[in-house]
Every structure is written in C-alpha cells, then in structure tokens.
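# Structure assessment
The primary structure of each chain is shown beneath.
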Amino acid sequence: MGGGKNGATKQIDDDEEVSVEPKVGDSVHVLRGPHKGTTGRMVGYDGDTSRILVECSKSQSIVSVPITSVAAVSEITAKQNREPNAKEKTRDQRSTSEESDAKSSSKGPSNVSYKLPDEPWLLPDIRVRVIDKKANKGRHYKEKVRGVDVITPFTCDCRTDSGLLLENLHQSSLETVVPKVSSGSAGFVKIVRGEKNVLTAEVLLMKKDKCRIDVFVIDMEEEPMRLSFDDVSELATGD
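Reading the values: the criteria
Residues numbered from 1 in each chain as written. Predicted model: local features only at pLDDT ≥ 70, side-chain atom pairs only at ≥ 80, totals over all residues. Heavy atoms only, no water. Core = buried A, V, L, I, M, F, W, Y, C linked by side-chain atoms within 4.5 Å. Buried < 20%, exposed > 50% of the residue type's maximum accessible area, 1.4 Å probe, protein only. Helix = DSSP H or I, 4+ residues; strand = E, 2+ residues; numbered from the N terminus. Contact = heavy atoms within 4.5 Å. Salt bridge = Lys/Arg side-chain N within 4 Å of Asp/Glu carboxyl O. pLDDT = per-residue confidence, 0-100. Polar contact = N/O pair within 3.5 Å; in protein donor to acceptor, adjacent residues only side chain to side chain.

## Considerations on the nonpolar core
- Formed by 14 residues in total, the largest nonpolar core has its most connected members in W121, I126, V128, V145, C158, L169 and L174.
- Elements with a contribution of two residues or more to this core: β8 (127-130), β10 (155-159) and β11 (165-170).
- When residues no more than four places from it in sequence are discounted, the contact partners of C158 are V128, V145, R146, G147, V148, L164, L165, L166, L169 and L174.
- With 13 residues, the next largest nonpolar core counts V203, I213, L227 and V232 among its residues.

Put into structure tokens, the structure is as follows:
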C-alpha cells in the first residue's frame, strides 16, 4: 500500500465538493457507509480496490473503507471556517455535545463502545484480506485468505494459499476483496450484503474510482445489479 490516490474528489455536502488527496498519515473522517462518523489516521491504501485503511482514533482498531467515502479532516475544518458564523456554530455544537455526553455518562458506564458494530457479512468460500496487524501476530497482514467456516456471525476460520488454517478471525480483522478481471477472463463474486446475500454473481464492470461493481446474478433472470465493493467479495475456487 502506498499514498493516496491523486485527484480523488469527496462530497462534503450536497452543495459543495472539495478535492481531497489523503495520504498515509493524514487524519481523515468517514462520511458515509457502515463506518460513517469515524475519525482516524490513514495507515494504508490499496490501489486494486481503491480502499484505504483507517486506524480509529478512539478504539485504535483498523477499518477498511472506500477512498470515495472519506475526507481529510483539514478539508472539513476549512469548509467550516468558510461558513458564516462558523465560530458561533462550533461553540453551540460543542455545548450541545457536552450536554449530550453528560446525559450519557449518567445513564451508564463510560467504556461503552462509541458506535454500533458493522452488520455481519462473513461467508464460506470467499476471498478476504487480513487487515489487522494484531491478528495471528501480524504474520498474515495484508494477505488474501479463503473463508472456510463461519463460526459465529462475526468470526470465521480462514485458510492461506499455502494451506495454513487461521482460526477464529474476527470480521473486523478482514475486508472484502474484488477479483482482478481481464478482457480474456471472467470474474465471479459472492454477494455478502443485502437481499441477494450469499448468491454468486458474474462481474460485468468495475469502476475502481467509484468503488462500484456491476454484476449479473447466476441462474436468475434479472437485470444486472450495481453494488459497492463492500457488498461483494471474490469467489474462492479450487480446493
């Protein structure tokens, strides 16, 4: 993984776009998707899938998100400073946040997780990438492995290409991957989210700059579907 992708454009709101080129080490804020609202430090970039790895500020866990779903914190701050009465708005927001925090602290322990977990998407016979440096002492960090058995909705056993079994990996330690498709070979995926979950589909078109993929579900007489890279993972073939 290297630095950010040149020329990436992020949508801050419906009225304004800003050009953002996040780099490894930059502070970023997730604008949409399952990890919306997360702020952290960019620690990696995968050009094959147009996704970045973000180390969350509060939990220090690593999450993988499309590069189109984040903005550099400096860009958000700059936008706020351009708004009329930005200081007054920030002061009011801080006061509201402090009141909310005070109410929350009076209702329960302070160590409660600050966000809900992602929905489960693990399936057998899909290719996934290990993104947690702490999993298996980091021996398989960034390595693609095959899901072989789902133990709980959020944990599974995986097998490396060399045949080594990695047991009880948590979903947060993994990310979906998309196949590399060339003009001479078709790619296949399993849908891991939504109403077509677990179904196999053929890849028709991929747009890495938008993290979008068009697929045709096998054995179903339906129109092609347009999904995000988060919604599918490469189908594992062979033994």
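## Notes on the environment of D46
- Mapped onto the elements, D46 comes out in strand β4 (residues 39-46).
- Take D46: its relative accessible area is 9%, and that puts it in the buried class.
- Sequence separation between D46 and K142 is 96 residues, and the spatial gap between their C-alpha atoms is 9.7 Å.

## What about the pattern of salt bridges?
- This model, assessed by the stated rule, comprises eleven salt bridges.
- Among the salt bridges present, the one from E195 reaches K196, with a minimum N-O distance of 3.2 Å.
- Relative accessible area serves as the criterion here: at 11%, K196 is assigned to the buried category.
- For E222, the salt bridge is made with K196, and the minimal N-O distance between the two is 3.6 Å. Pair noted here: E222 is in the loop between β15 (212-217) and β16 (225-228) and K196 is in the loop between β13 (188-191) and β14 (200-207), with a separation of 26 residues, a long-range link.

## Details of the confidence of the model for the chain
- Mean pLDDT over the chain works out to 78, with 72% of the residues at or above the 70 mark.
- A low-confidence stretch, residues 102-116 (pLDDT under 50), is modelled with six contacts involving residues beyond four sequence positions or located in other chains.

## Considering the environment of T155
- For T155, the location among the structural elements is in strand β10.
- On the accessibility criterion, T155 (10% relative accessible area) is buried.
- Linking T155 and L174, residues 19 residues apart in sequence, is a C-alpha distance of 9.9 Å.
- Ignoring sequence-local partners within four residues, the contact set of T155 consists of L122, V150, N168, L169 and H170.
- Engagement of the side chain of T155 in a polar contact is seen with the side chain of T152, the distance being 2.7 Å.

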